[in-house]
Each structure stands twice: as structure tokens, then as C-alpha cells.
Amino acid sequence: MALQLATEKWSGEISEVIIGATKDEGGSRKSVVRIGGENTLPFLFNEGKIPNPVCVAFEVWDTAPSDWPECLWRAFGKSLNDSLSWAKKCVEEYKAKILCVRLQSAHPDFADTPPEACAKFIAGLLNAVDVPLVIIGCGDDAKDNLVLPAVSEAAKGERCLIGSAVQDNYKTLVAALSADGHNIIAESPIDINIAKQLNILISDTGFALSRIVINPTIGALGYGLEYAYSIMERARLAALSGDKTVASPFICFVGQEAWKAKEAKSEDERQGIIWEMLSAAALIQAGAGLLVMRHPVAVEKVNKYIERLFQR
Amino acid sequence: MLIIGELINGMFQDIARAIKDKDKSVIQKRALEQVDAGADALDVNCGPASAKPGSDIRWLIEAIREVTDKPLCLDSSKPQVIESGLEVLRGKAIINSTTADPEKLDILVPLAKKYNALLIGLTISTKGIPQNKDQRLELAAEILAFCSQADFPVEDLYIDPIVLPVNVAQAQMQGILEAIREFKVISTPSPKTIVGLSNVSQGTKSRGLLNRTFLTMALAYGLDAAILDPLDKDLMDSLITAELILNKNIYCDSYLDAYRRK
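Just so it is clear, the model here is predicted, and its values are computed rather than measured.

Brief notes about the sheet that holds strand E1 (residues 2–5) of chain B
Adjacent strands of a sheet form backbone hydrogen bonds with each other and so pair up, either parallel or antiparallel. Residue and element names in this part refer to chain B. Spatially, eight strands are ordered E1-E2-E3-E4-E5-E6-E7-E8 in a closed barrel, and the strand pairing comes out parallel. Each adjacent strand pair in this sheet contributes to an overall mean axis angle of 25°, direction not counted. Running at roughly 165° to strand E6 (residues 157–160), helix H6 (residues 133–149) makes contact with strand E5 (118–122) and E6 of the sheet.

A short note on helix H6 (residues 192–204) of chain A
Each α-helix turn comprises 3.6 residues. Residues three or four places apart therefore point the same way. The end-to-end C-alpha distance of H6 of chain A, which contains 13 residues, comes to 18 Å, matching closely the 18 Å that a straight helix rising 1.5 Å per residue would cover. Looking only at H6 of chain A, the buried set comprises Ile 192, Ala 195, Lys 196, Gln 197, Leu 198, Asn 199, Ile 200, Leu 201, Ile 202 and Ser 203 of chain A. Contact partners of the buried residues in H6 of chain A: strand E6 (161–165), helix H5 (171–180), strand E7 (183–187), strand E8 (212–215) and helix H7 (225–240) of chain A together with helix H10 (255–260) of chain B. The opening residue of H6 of chain A is Asp 191 of chain A, an N-cap whose side-chain oxygen sits 2.9 Å from the backbone nitrogen of Asn 193 of chain A.

Looking at the side chain of Asp 56 of chain B
Residues and elements named next belong to chain B. Topologically, Asp 56 is positioned in helix H3 (residues 53–65). Relative accessible area serves as the criterion here: at 8%, Asp 56 is assigned to the buried category. A polar atom in the side chain of Asp 56 sits 3.2 Å from the side chain of Lys 22. With near-sequence residues (within four places) excluded, Asp 56 lies in contact with Ile 19, Lys 22, Cys 46, Ser 50 and Ala 51.

A few points about the packing of aromatic side chains
Residues and elements named next belong to chain A. One pass over the full model with this rule turns up nine aromatic pairs over all chains. With 5.7 Å between their ring centres and 70° between their planes, Phe 45 and Phe 310 make a pair best called edge-to-face. Residue Phe 45 is located in the loop between strand E2 (33–36) and strand E3 (55–61), and its partner Phe 310 is located in the segment after helix H10 (296–309); the two are separated by 265 residues in the primary sequence. Owing to a relative accessible area of 15%, Phe 310 belongs among the buried residues under this scheme. Ring geometry for Phe 58 versus Tyr 94: centroids 5.7 Å apart, planes at 15°, classification stacked. With Phe 58 in strand E3 and Tyr 94 in the loop between helix H2 (83–93) and strand E4 (99–102), this residue pair connects regions lying 36 residues apart in the sequence.

Points about the pairing of strand E8 (residues 225–228) of chain B
Residues and elements named next belong to chain B. Residue alternation in E8 divides its side chains into two sets, Ala 225 and Ile 227 and Ala 226 and Leu 228, and both sets are buried. Judged from the three bridges that link them, strand E7 (residues 192–196) and E8 form a sheet pairing that is parallel. Paired with Ile 194 across the strands is Ala 225, a residue of E8.

Section: the interface of chain A and chain B
The interface of chain A with chain B comprises 15 residues on the first partner and 11 residues on the second. Taken over both partners, the interface formed by chain A and chain B buries close to 1,100 Å², and the fraction arising from carbon and sulfur atoms is 53%. Our enumeration of links across chain A and chain B arrives at zero salt bridges. Between the two partners, chain A and chain B, sit five residue pairs in polar contact (both at pLDDT 80 or more). Where the side of chain A that touches chain B is concerned, the elements lending two or more residues are H6 and H7 of chain A. Ranked by residue count, the leading element in the side of chain A that touches chain B is H6 of chain A, at seven residues. Split into classes, the residues belonging to the side of chain A that touches chain B amount to four nonpolar, six polar and five charged.

With respect to the pairing of E8 of chain A
Residue and element names in this part refer to chain A. Judged by which residues are buried, E8 turns out to be covered on both faces: Ile 212 and Ile 214 on one side and Val 213 and Asn 215 on the other are all buried. Both E7 and E8 contribute to a ladder of four bridges, which runs parallel. Among the inter-strand pairings, Ile 184 is bridged to a residue of E8, identified as Ile 212. Running through H6, the crossover from E7 to the neighbouring parallel element E8 is right-handed.

The rules behind each value
- Residues numbered from 1 in each chain as written.
- Chains lettered and ligands numbered in written order.
- Predicted model: local features only at pLDDT ≥ 70, side-chain atom pairs only at ≥ 80, totals over all residues.
- Heavy atoms only, no water.
- Pairing = 2+ DSSP bridges.
- Helix = DSSP H or I, 4+ residues; strand = E, 2+ residues; numbered from the N terminus.
- Axes fitted to C-alpha atoms, helices over the stretch in contact; angles between N-to-C directions.
- Contact = heavy atoms within 4.5 Å.
- Expected span 1.5 Å × (residues − 1).
- Buried < 20%, exposed > 50% of the residue type's maximum accessible area, 1.4 Å probe, protein only.
- Polar contact = N/O pair within 3.5 Å; in protein donor to acceptor, adjacent residues only side chain to side chain.
- Phe/Tyr/Trp six-rings, centres within 6.5 Å; stacked < 30°, edge-to-face > 60°.
- Buried area = accessible area lost by both parts, 1.4 Å probe.
- Salt bridge = Lys/Arg side-chain N within 4 Å of Asp/Glu carboxyl O.
- Nonpolar A, V, L, I, M, F, W, Y, C, P; charged D, E, K, R; others polar.
- Right-handed = clockwise from strand over helix to strand, strands pointing away.

Here it is, written out as C-alpha cells:
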């Protein structure tokens, strides 16, 4: 007798978020990136549809990342000192399909770059590369409330993914992104209850739930990875059971967390790459839709892993 | 849980009048109010005053279908009225209800199969209303045995322990709750469980409080469905909160609001 697999039929579906807009759609990107849209758990191809493979974004900063470990500096060379050539290198040499740019220089503790300069930088970046953009503020709420609306306007029509909205600071960002047609990152501190509440708060303003991407906040391997995994799994099970308020794709900042680990800063530079890869691999299994990563070799390996998993 | 709105019932004077005058707007308004308040399905009952329940139920179904596709729960003690409704119903039906009597099961189980409907089975028979938990379980077992012999999927069967008014049968309440849990263990796969909630408070002076307290307790005993008044906001709030405590939904500060968006 043939083996009969038990399959689950889910009632819910993760929303599909499109990042980037082509010329036909009012933007200037050569292609777009779609994440989400699945109605089953990761890689259960027999149970439902999983229309979009997991995607990896290269992380790029608007300033030289002075605190990045040497291993990363060696990989990129001097290009890390010049954001536009760094971004171009990711796209041209490493074939990035999407970039995640962090406006770190705007932070009052860094260069305190004014909003207009940040907007100009984004406009320049949009000219320099033709892939979709994820744009992250500097992490200082007060400054981000000035910078991100300016950046949003500069990228109007490009359908970027911009963040992050947090429970105590989301209204300014939501209003700006709503007007300029972007998607939003809703960030919660490894807390499923807050993730759900924030999605409700954002959608209460009239912003479509289907334009939200959840940043659940993750920990790297050895630093809370399993906790992040269980939060993502729980949200995903609820979403597939019909809870629309948590049915958003996940973005995971893998590079940022993995390269913080002391193990990643080992003299043997393979160790950092492996740390980033393994953290990414686990999060892919947890249901991540978009991974933000740093080391080109780690990205290459993870992309191969994704490709193989999606061969079905 | 499956929430079946109870308000389209000829027992209510405005509904009886609307049926008599063939005034669709009253029925459609009541249907939409219940759906907006969270009903997953709507009970449809022509009431005792209807002279021609077979045609009245069709008229009700057609009026409701103009405004919602939600499953309809065809409520009559007469199998021919239910069949008349099934013939015109587009979409999912719930048959409300069979008893444990073979003459009812003989007609309604094949009808439920034919129309791919869910079936409510009351633990009651011509011998009367059960007086304790064991009698309820015995009647449930009879319904289950009939259904499995007839190849009717047990997962589509909703067993009703028959909720009695608390001022009539106070001593039976505990047994009714326990029956809800024990119905689940008499067969694998388990049948579902359902109650006609408002009966618990019939003839009392604290209807809302009794309804929501009983529902909360029944949910803790594993209740799957209830026929209730979804416009009772306190009742719905209790239901949502009970399900939250049972870990059916993820908590957030606006959990009541979140549930209502589903």
C-alpha cells in the first residue's frame, strides 16, 4: 500500500508584499521582489502554495561601518568607505536582488546627518542601482521621525520597504509611508503580543495590513535564536489558522545579530561566515521571507541553500 | 468556536410578522446585524405560528441569501421542512436537528450526507429529556453508532447535551458540562459539541449573566459550537476572552478588537 501523508488544510494565508516598482508601476526599478503569499508552513509544498522563495538582501550603510569586524572589511575592501560603490558592488558583483540600506549616519551619536542630506543620499542610491530598496532609519526615534518622512518622499513611487515602526513610535512613519506608497516594517522586541498589537495599531490608521512586514527581532545562533524561532512559528500557526492580524511576512536582520556574536569575530574568518549562514538557515525554516545579511560568501551559500530547498 | 446566530426565529414577533407579510428587509437586516457581530452561521426557524413552514423556510433562505453566503442552520423538528429548505439552499447547511430516534435518524442522516451538511444531534428521544449525564452519553452513543454505520463523517456531527434552564434543572448543570467533555471520548474521530445557549437562562431574571457564565464554563469543557445571540456584546466579549484563556488566539492589548476583525 502506498504511503499516505497526513496533510493539513489551513484557512489563512500570509499576505504577499511587493517591494520595488518598475517603470510601468510608477517607479524606476528593473525588477521587484515579492515575499509572503504562502498558505502553508515552510517547504510543505504538498500542503499548499508557497509562491515566493525566501529572498536575501545585502545590508549597506550610508557611512563606513566602523564597528564591523575585519573579516567583513576584507570581503568588501575599500568599497565600504563609499556607500554608492558598496551598493553597486553588491548588485553588480554579488548579484543582489534587493538592498537594505541603513541610514546610520543620521544618528546623533554618528554624523547627525540632516534629513535633507539623507533624502538626497537615497535619491542618489536609487539612481546608482536598479534593485528594490529596504530603508532603515538610524534607530533614534526622534531623529528617524524627521529623516524617514524625508526619505520616503524622496523615494516616492518606488514602493520601498521602510522601517521601523515600533509600538511607541509609529504614527509619523505610517503617515509618511501611506502618502508615498511604501511598505512598512513593524518591529517588536521578540514579543508576539506586541507584534500583533502593533499590526492592529498600524492598520487602525487605515494603512493596509497587506503592506506590513513584521520584524520579530531575532537573536543569532547561541543568542536567542530558538526564542525568535518559536515566536515566528507561533505567529505563523495563528496566521494560517485565520488570524489576519499576524499574517505578515517576516524580515530578519541576520547579519546584524550574527556578527555581534563573539564566536563570529574569531580569527578563523570562516567561523563568522558559518555563524551568519546557520542563523539564516534556521530562520528560513521558521518562516522568514526576507533576510538581511552582510558577508558575500554567507549570502552566496544561503542563496544556494534556498535554491535547493525550492527545487521541490 | 462556531457561532450560530439565533435571531431569525419566528418565535420573535418581528420575525413572525415579517414572515407573514413577506417583508424581506426585516430578515435581511437581522441577518447582517448578526454576521457583523461575529456570527459564523445563521439559524433559520419559521416559528410555531407559521402555517406553511415548508414554503416559509424557503422564502427565509432566499431572502437571507441575497445578503450573505454564511452557512445556514435549518431549524425545525419536522424533517420535511428541513428537506424543503435544503432543496433551495446554496452553500453550506447545518441540519438542526435530529434526535436519537431511529425514525428521525433514518431520514436526516441520509439527507445530511446527500447535501454535504453538518448535522446537529440532540441527546433526546421519544422517551423524553435525559435526566443525567449517563443518559446523555447513551443517547449520544446511539446517534454516533447510527452515523458511523451510515458512513456519515463523525467530524460533521455536532452533539447537543440539551441545556435545561437553571431554574428548572439546577442539579443537572454539572452533568451537562461533563457530558460536553465526555462526548469527545466515545468515538475516534470525536464528534463536535454544541449547545442552544439561551435555554440555560429561560425564565430567569439575569439572562445575560447566566448565558455568558454558562458559555464560559462550557468552553472550558471543550464546547465547539453554540447557538446564541451574537448581538449580546457582553456575551461575545466573554466568549472571546474565554477562547483567549484557552490559548485559541494570541493575546494582544486589543484582543477583543483583533478577534472581531477575523
